[in-house]
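The residues making up each chain are set out below.
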Amino acid sequence: MQAILGVIFHSLGGVAAGSFYMPYNKVKGWSWESYWMVGGVMSWLIVPPVAAYLTVPGFMEIIASSSNAILSFTFLMGLLWGVGGLSYGLGVRYLGMSLGNSVVLGFCAAFGAIVPSIYYNFNPEEGKVSFTDMLSSSGGQVVLLGVLVCLLGIALSGKAGMMKEKELSDEEKKKSVSEFNLIKGLIVAILSGILSSFFSFGIEAGKPLADAAVAAGYDHLFANNVTFVVILWGGLATNLVWTTILSLKNNSYKDFTNTATPIGNNLLFSALAGTIWFLQFFFYGMGESKLGNGASSWILHMSTIILTANLWGIYRKEWKGVAKKTKWTITVGIVVILLSVVLVGIGNSI
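Being a predicted model, the structure only gives us computed values, none of them experimental.

1. Focus on the nonpolar core
If you look at the biggest cluster of nonpolar residues, it comprises 54 residues, and the most contacted ones within it are Phe199, Phe228 and Leu232. Each residue touching Leu232, except ones within four places of it in the same chain, is listed here: Ser43, Trp44, Pro48, Trp81, Phe199, Trp277 and Phe278.

Structure follows, in structure tokens:
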């Protein structure tokens, strides 16, 4: 029953994450940094402590009583993840929902599944699986095979993007993705995928915070909400600094007072996108608490986002006008990525 609940919670999180970018498409006349800043403040500063207060009312006392080492390392992971979050927005901007999410989240799933195990090679901890343990066990080998299959799926998705670029004129590409740029998009997306995986490690690093919430008598289903507050402080710092720099450089801070744009609607849709974005981890935290396995939980979460994002890509007709072979290539790429999730799940169950 717990496993079933975990899958449901993960799926809800994936749907939320795969859908969060859509409200941004409703923003009119604003620069990227303007709506990203509003969404970021909502998703990293406002909503997380509200969610934590509603589910773990004593979350601030838990954070205040935790060691500086745990807080600083969890914050650092959030800081690095924040760079990935910044480049994620650019990756989708240049590649579109379908291809952008397949590349970004494919890398994120693969690295998020193995980064914690590499850490435990250098800092062994009882009950934690190291990369060496994975290499020496049949289950671990299946997990690593799943990661390799995931990378194959990413390669196929990238191939589909190259085929699309050759087939369509610039005008046709911009009908679905206004700033389509394959090379720039792939570079940014790969960087984003690798760094975004540090959220998974941030959860591992901040596990003592969740454990302290359970020890204090709070429901373990929501214990991860305490950890999220600290991780997202790191993400907020990275994103707020960069968007502020861009706002000053491009004079885009004037967007917030530009009456020629629908300021109210833009604020609303940006805030909605930020709120939906946080919900992915709200539900992910619930699912992870039920499934109880970091690697399989993480890659299951990412695969659901990839599937949802590609459904949005189909809805937005991002692959309209391409040859049948190209459509089959991106489809096979997505299926291979999802197959990798099954392999990781099998490996973790052995």
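2. Side note on the environment of Val129
Here Val129 is to be found in the loop between helix H5 (97–122) and helix H6 (131–136). In sequence terms Val129 and Pro116 are 13 residues apart; their C-alpha atoms lie 8.4 Å from each other. With near-sequence residues (within four places) excluded, Val129 lies in contact with Ser117, Tyr120 and Met134.

3. Examining the packing of aromatic side chains
Tallied over the full model, the rule gives 14 aromatic pairs. When the centroid spacing of 5.8 Å and the interplanar angle of 45° are considered together, the rings of Phe199 and Phe228 count as tilted. Pair noted here: Phe199 is in helix H10 (residues 198–205) and Phe228 is in helix H12 (residues 224–250), with a separation of 29 residues, a long-range link. Their ring planes at 50° and their centres at 6.5 Å tell us that Phe278 and Phe282 sit as a pair that is tilted. Here Phe278 pairs with Phe282, and both are found in helix H13 (residues 263–291), just four residues apart, close to one helical turn. The class for Phe282 is buried, based on a relative accessible area of 16%. What links up through ring pairs into an aromatic cluster is the set Trp44, Trp81, Phe199, Phe228, Trp277 and Phe281.

Calculation rules
Residues numbered from 1 in each chain as written. Predicted model: local features only at pLDDT ≥ 70, side-chain atom pairs only at ≥ 80, totals over all residues. Heavy atoms only, no water. Core = buried A, V, L, I, M, F, W, Y, C linked by side-chain atoms within 4.5 Å. Buried < 20%, exposed > 50% of the residue type's maximum accessible area, 1.4 Å probe, protein only. Contact = heavy atoms within 4.5 Å. Helix = DSSP H or I, 4+ residues; strand = E, 2+ residues; numbered from the N terminus. Phe/Tyr/Trp six-rings, centres within 6.5 Å; stacked < 30°, edge-to-face > 60°.

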